[in-house]
Amino acid sequence: MKTINIYSDGILYQKINANKDIENKKFQLIDWNFDGFKDITVLNNCGSGGCSYWIWNYAPKYDKYIYNKELSEVLGLEIDTLNKFIVFHYRAGFHEEVWDTMQYKNDKLKFVKGLYKEKWNDSLGNFWVKNTYSKMVENTVIRRIDSFISK
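Residues numbered from 1 in each chain as written. Predicted model: local features only at pLDDT ≥ 70, side-chain atom pairs only at ≥ 80, totals over all residues. Heavy atoms only, no water.

Peer 1: Help me out: how do you make sense of the pairing of strand S10 (residues 108-121) in this one?
Peer 2: Working note: regular strand, side chains alternate between the two faces of the sheet. In this sheet, S10 lies alongside strand S9 (residues 96-105) in antiparallel orientation, the contact comprising ten bridges. Within S10, the residue paired with Lys-105 across the bridge is Lys-108. Relative to strand S11 (residues 127-137), S10 runs antiparallel, the two being bridged by nine bridges. Residue pairing across strands places Lys-117 opposite Asn-131, the latter belonging to S11. Counting the residues that bridge the hairpin from S10 to S11 gives five residues, and of these Gly-125 lies at a positive phi of roughly 90 degrees. (Pairing = 2+ DSSP bridges. Helix = DSSP H or I, 4+ residues; strand = E, 2+ residues; numbered from the N terminus.)

Peer 1: How do you make sense of the pairing of strand S8 (residues 85-91) when you look at a structure like this?
Peer 2: Across the seven residues of S8, five count as buried, placing the element largely inside the fold. Here four bridges tie strand S7 (residues 77-80) to S8, and the two strands are oriented antiparallel to one another. When the bridges of S8 are listed, Glu-78 appears paired with Val-87. Where S7 folds back onto S8 in an antiparallel hairpin, the turn is made up of four residues, including Lys-84, whose phi is positive at roughly 60 degrees. Of the strand pairs in this sheet, S8 and S9 are connected by six bridges, and their pairing is antiparallel. Within the sheet, the bridge partner assigned to Arg-91 lies in S9 and is Glu-97. As consecutive antiparallel partners, S8 and S9 are separated by four residues, and within that stretch Gly-93 has a phi angle of approximately 75 degrees, a positive value. (Buried < 20%, exposed > 50% of the residue type's maximum accessible area, 1.4 Å probe, protein only.)

Nothing here speaks to function; it is all geometry.
Right, here's the structure in full:
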């Protein structure tokens, strides 16, 4: 798909030069930056590691949609509309998983908290889980590690 044409009352409002290989044309309107305006969301890819999208945010200041480079094409992108969080969820198989929770503040995406989970078997056959929790406190990332043997 080369372009996305946006119409308002039957009149062409904006022509977006997408230049994307959109196969299934699965479009949604989702307010990714929680500003009250729905953003154009096109499914890019979905697999065991999550989904990725192409996202154009509506920018009222410019009265048009602008491509969001921070969120677009990120595998495992999730949205928590209740708490107004964007979650980057990365999975490297069963043994490693990361959740970075972000929030828009003054139109910029800022880190809020994260979880890095590792799993492995030791030489005695024990199954270990190690959780590294991160949280932003007064512009400093605070980390706490918790590891245990799981049954």
